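An overview of the molecular structure
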Amino acid sequence: MNRFKITELGKDVFWLRDTERDHLVKVLRLTPGDLIVGFDNTGLEYTSVILKIEDKSVTCRILSTDHPDVEAHTSVYIVAGLSKGEKMEWVIQKGTELGMEGLVPLRTKRSVMQLEGSKAQERVVRWQKIASEASKQSHRVREPQISRICNWQDLAVQLPEGTQWLIPYEEEKTQRLVSVLDSLDPQRPIAILIGPEGGFDEAEVSLAQEKLGAKSVSLGPRILRTETAALATLAIVLAHYGDLG
């Protein structure tokens, strides 16, 4: 069955509006009597039947409610240095499929792409849409939230209190990622700091270590592209705590 993000939830019904309504009507061409699944980002999903299609909304009657065990049990965030091209979109889409909790775009010294003002807001809206679509495709019941683009000084407040920080760093020669994961608490959020093309500046790594308590880790002897490093680290962390593999 096709999946939709619920716009408004009632006692026995819910409504789809705006892009969700248009996708159901204009793209999928569903009609009253068709079955769909709705989710509301609380962890619940609702098997439902379409009751009524109107100009600005679709009304659906809830047939059953479920709480599928599809979300990662460890909350893992990606903090990604702004990268050019489609790299950010790739990380958001695939990170959502793998199970990331959210993503924070970060301005860094070596970021080639710089976004400010309305352009920054528009890009975040686009990124959130990508996360939403990937959530439906991968049958998640909570879509990752894409934070506003932030600077280093604002980074800590974007994530929950008690977050544990990891920073894959090509100059780290002794601490391997898997060994450091043994020392972390999987019940607390984990944030993965990923540099842009060219990686983090040394001063940024020192800042992350001193201000955030980030642990620098090695991903191995090969240099990985920014999008590869982000997804590889996410997959390793989730697999280590039993959410993948």
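Residues numbered from 1 in each chain as written. Predicted model: local features only at pLDDT ≥ 70, side-chain atom pairs only at ≥ 80, totals over all residues. Heavy atoms only, no water.

1. Thoughts on the sheet that holds strand 1 (residues 3-5)
The sheet built from 6 strands is open, its strands ordered 1-4-5-6-3-2 with mixed pairing. If you trace the sheet from one side to the other, it starts and ends with strand 1 and strand 2 (8-9), each paired once. Strand direction decides the pairing type here: strand 4 (residues 35-39) and strand 5 (residues 45-53), joined by 5 bridges, are antiparallel. Counted as the bridge partner of Phe-39 is Glu-45 from strand 5. Strands in contact with helix 1 (residues 18-27) are strand 1, strand 3 (13-17), strand 4, strand 5 and strand 6 (57-66); relative to strand 3, the strand with the most contacts, it is inclined by about 90°. (Pairing = 2+ DSSP bridges. Helix = DSSP H or I, 4+ residues; strand = E, 2+ residues; numbered from the N terminus. Contact = heavy atoms within 4.5 Å. Axes fitted to C-alpha atoms, helices over the stretch in contact; angles between N-to-C directions.)

2. Looking at helix 2 (residues 87-98)
Think of an α-helix as turning once every 3.6 residues; residues three or four places apart then point the same way. Here helix 2 is 12 residues long and its end C-alpha atoms lie 16 Å apart, about the 16 Å a rise of 1.5 Å per residue gives. Here helix 2 has its buried residues at Lys-87, Met-88, Glu-89, Val-91, Ile-92, Gly-95 and Thr-96. Contact partners of the buried residues in helix 2: strand 7 (76-81), strand 8 (102-106), helix 3 (117-137), strand 9 (145-146) and helix 6 (226-240). (Expected span 1.5 Å × (residues − 1). Buried < 20%, exposed > 50% of the residue type's maximum accessible area, 1.4 Å probe, protein only.)

3. A word on the pairing of strand 5
With antiparallel pairing between neighbouring strands as the criterion, strand 4 and strand 5 make up a hairpin whose turn holds 5 residues, including Asn-41 at a positive phi of roughly 65°. As paired strands, strand 5 and strand 6 are joined by 8 bridges and run antiparallel to one another. Across the sheet, residue Tyr-46 finds its bridge partner in strand 6, namely Thr-65.

4. Here we look at the sheet that holds strand 8
Reading across the sheet, the 6 strands line up as 9-8-7-11-10-12 and stay open at both edges, with parallel pairing between neighbours. Edge positions in the sheet fall to strand 9 and strand 12 (215-217), since each has one partner strand and no second. Sheet topology places strand 7 next to strand 8; 5 bridges connect them, and they run parallel. For Ile-78, the partnering residue across the bridge sits in strand 8 and is Leu-103.

5. Description of unusual backbone geometry
Positive phi outside glycine occurs at Asp-18, with the angle close to 55°. Mapping Asp-18 onto the fold places it in helix 1. Of note, the phi angle at His-139 is positive, near 60°, even though the residue is not glycine. Note on placement: His-139 falls in the loop between helix 3 and strand 9.

6. Regarding the packing of aromatic side chains
The final tally for this structure, using the stated rule, is 1 aromatic pair. Lying over the aromatic face of Trp-90, Lys-94 brings its terminal NZ or CZ to 5.0 Å of the ring centre. (Phe/Tyr/Trp six-rings, centres within 6.5 Å; stacked < 30°, edge-to-face > 60°. Lys NZ or Arg CZ within 6 Å of the ring centre and 35° of its normal.)

7. Thoughts on the UniProt feature "domain: Ribosomal RNA small subunit methyltransferase E PUA-like" (unreviewed entry) in the protein chain
Under the feature "domain: Ribosomal RNA small subunit methyltransferase E PUA-like" (unreviewed entry), the UniProt entry names residues 18-63. Secondary structure across residues 18-63 divides into 22% helix and 46% strand, with the first and last C-alpha atoms of the span separated by 23 Å. (UniProt positions renumbered as here; feature names shortened; annotations may be inferred.)

8. Looking at the nonpolar core
Among the nonpolar cores identified, the biggest contains 34 residues, and Ile-78, Ile-92, Leu-103, Trp-127, Ile-146, Leu-166 and Val-237 are the most heavily contacted of them. Of all elements in the fold, only strand 7, helix 2, helix 3, helix 4 (177-181), strand 11 (190-194) and helix 6 reach the threshold of two or more residues within this core. One finds Val-104, Leu-106, Ile-167 and Tyr-169 within the second-largest nonpolar core, a separate group that totals 18 residues. (Core = buried A, V, L, I, M, F, W, Y, C linked by side-chain atoms within 4.5 Å.)

9. Some words on a nonpolar patch on the surface
A grouping of Met-1, Leu-35 and Leu-63 is seen on the molecular surface, where their side chains present a nonpolar patch of about 300 Å² in accessible area. Checked against the element boundaries, Met-1 lands in the segment before strand 1. On the basis of relative accessibility, which here comes to 57%, the residue Met-1 falls in the exposed class. (Patch = residues over 30% accessible without salt bridge, like charges linked within 9 Å, V, L, I, M, F, W, Y side chains within 5 Å. Areas by Shrake-Rupley, 256 points an atom, 1.4 Å probe, with all protein chains shown as cover. Salt bridge = Lys/Arg side-chain N within 4 Å of Asp/Glu carboxyl O.)

10. Considerations on the pairing of strand 3
Taken together, the 2 bridges between strand 2 and strand 3 define a ladder with antiparallel strand orientation. Counterpart to Glu-8 in the pairing with strand 3 is Trp-15. Linking strand 2 back to strand 3 in an antiparallel pair, the connection comprises 3 residues.

11. Thoughts on the side chain of Thr-59
Mapped onto the elements of the fold, Thr-59 is located in strand 6. Among the residues examined, Thr-59 registers a relative accessible area of 10% and is labelled buried. A polar atom in the side chain of Thr-59 sits 3.2 Å from the side chain of Trp-15. Contact partners of Thr-59, with chain neighbours within four places excluded, come to Phe-14, Trp-15, Val-49, Ile-50, Leu-51, Lys-52 and Glu-54. (Polar contact = N/O pair within 3.5 Å; in protein donor to acceptor, adjacent residues only side chain to side chain.)

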